[in-house]
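# Observations on the three-dimensional arrangement
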Amino acid sequence: RGDGSATFDGLNNRNTSFGQLGSVPEMRLNVGVDWRTDKHAVNLWARHIGGYDDRTPSNVNETIDDWTVLDVQYMLSLEVGGGVTDLSIGVNNLTDEDPPAVDRDSANGRRAFDSQVHDPRGQTVYLRVKHSF
């Protein structure tokens, strides 16, 4: 920089020492496959977050592992009352993958995760009803 201030490359780092910057994994990839007929649809999604560094004062150059989850959904579309009703059932995180651990050496032995990037809820089953007039 021309003003003489220090520069910092936050890409591929958890950045906990830099407050507002937050986690910035270099790789995020969502890939999906859809199959449809007149009344039926099946969707399969893969969500991947690449591993990244955890450069904090207490965890110098530790690595947070990559994380991949699969989501699946089945939908049935029916003509009801002059409109279309979609009935869906799905599972997010089909294989119930835990988020990668951070702060692995905590004094209380608790397992932490990066809440800015990963989801700790595990496998989630849902039902959805949507009606369009």
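First things first, this report covers the structure right here in the doc. (Residues numbered from 1 in each chain as written. Predicted model: local features only at pLDDT ≥ 70, side-chain atom pairs only at ≥ 80, totals over all residues. Heavy atoms only, no water.)

## With respect to the overall build of the protein
Within the protein, the secondary structure is distributed over 0 helices and 7 strands. Across the protein, helices and strands are ordered from the amino to the carboxyl terminus as β-β-β-β-β-β-β. Counting over 133 residues, the protein shows a buried share of 29%. For the protein, restricting intrachain contacts to residue pairs at least 6 apart in sequence, the fraction spanning at least 24 positions comes to 51%. Surface exposure of the protein reaches about 9,000 Å², of which carbon and sulfur atoms provide 52%. (Helix = DSSP H or I, 4+ residues; strand = E, 2+ residues; numbered from the N terminus. Buried < 20%, exposed > 50% of the residue type's maximum accessible area, 1.4 Å probe, protein only. Contact = heavy atoms within 4.5 Å. Areas by Shrake-Rupley, 256 points an atom, 1.4 Å probe, with all protein chains shown as cover.)

## Focus: the sheet that holds strand 5 (residues 67-80)
With antiparallel pairing, the 5 strands of this open sheet are ordered in space as 1-2-5-6-7. Each end of this open sheet is capped by a strand with a single partner; those strands are strand 1 (28-36) and strand 7 (124-132). Averaged over neighbouring strand pairs, the angle between their axes works out to 15° when direction is ignored. Relative to strand 5, strand 2 (residues 40-49) runs antiparallel, the two being bridged by 10 bridges. Of the residues in strand 5, the one forming a bridge with Ile49 is Trp67. (Pairing = 2+ DSSP bridges. Axes fitted to C-alpha atoms, helices over the stretch in contact; angles between N-to-C directions.)

## What to know about a nonpolar patch on the surface
Where nonpolar side chains cluster on the molecular surface, the patch consists of Trp35, Val42, Tyr74, Ile89, Val125 and Leu127 and spans about 600 Å² of accessible area. Since its relative accessible area comes to 48%, Trp35 is described here as partly exposed. (Patch = residues over 30% accessible without salt bridge, like charges linked within 9 Å, V, L, I, M, F, W, Y side chains within 5 Å. Salt bridge = Lys/Arg side-chain N within 4 Å of Asp/Glu carboxyl O.)

## Remarks on the nonpolar core
Formed by Ile49, Tyr52, Ile64, Trp67, Val69, Val102 and Val117, the largest nonpolar core amounts to 7 residues. Aside from chain neighbours lying at most four places away, what touches Ile64 is Arg14, Gly51, Tyr52, Asp54, Pro100, Ala101, Val102 and His118. (Core = buried A, V, L, I, M, F, W, Y, C linked by side-chain atoms within 4.5 Å.)

## Brief notes about the pairing of strand 5
Note on strand geometry: in a regular strand, side chains alternate between the two faces of the sheet. Two elements, strand 5 and strand 6 (residues 83-92), share 9 bridges in a ladder whose sense is antiparallel. When the bridges of strand 6 are listed, Val72 appears paired with Val91. Turn length for the strand 5-strand 6 hairpin, with the two strands adjacent in sequence and antiparallel, is 2 residues, and the turn residue Gly81 shows positive phi of about 55°.

## Points about the pattern of salt bridges
Under the criterion given, the structure shown has 2 salt bridges. Residue Arg47 pairs with Asp71 through a salt bridge whose shortest N-O separation is 2.7 Å. Here the residue Arg47 occupies a position in strand 2, and Asp71 occupies one in strand 5, the gap between them amounting to 24 residues. Ionic pairing is found between Asp119 and Arg121, a salt bridge with its closest N-O pair at 2.7 Å. Using a relative accessible area of 25% as the deciding quantity, one classes Asp119 as partly exposed. For Arg121, a relative accessible area of 63% puts it in the exposed group.

## Quick word on unusual backbone geometry
You will see that Asn93, though not glycine, has its phi angle at about 60°, which is positive. Looking at the secondary structure, you find Asn93 in the loop between strand 6 and strand 7. Accessibility expressed as a relative area gives 3% for Asn93, which makes it buried. For Asp96, which is not glycine, the phi dihedral falls at a positive 55°. In this structure, Asp96 sits in the loop between strand 6 and strand 7. For Asp96, a relative accessible area of 43% corresponds to the partly exposed category.

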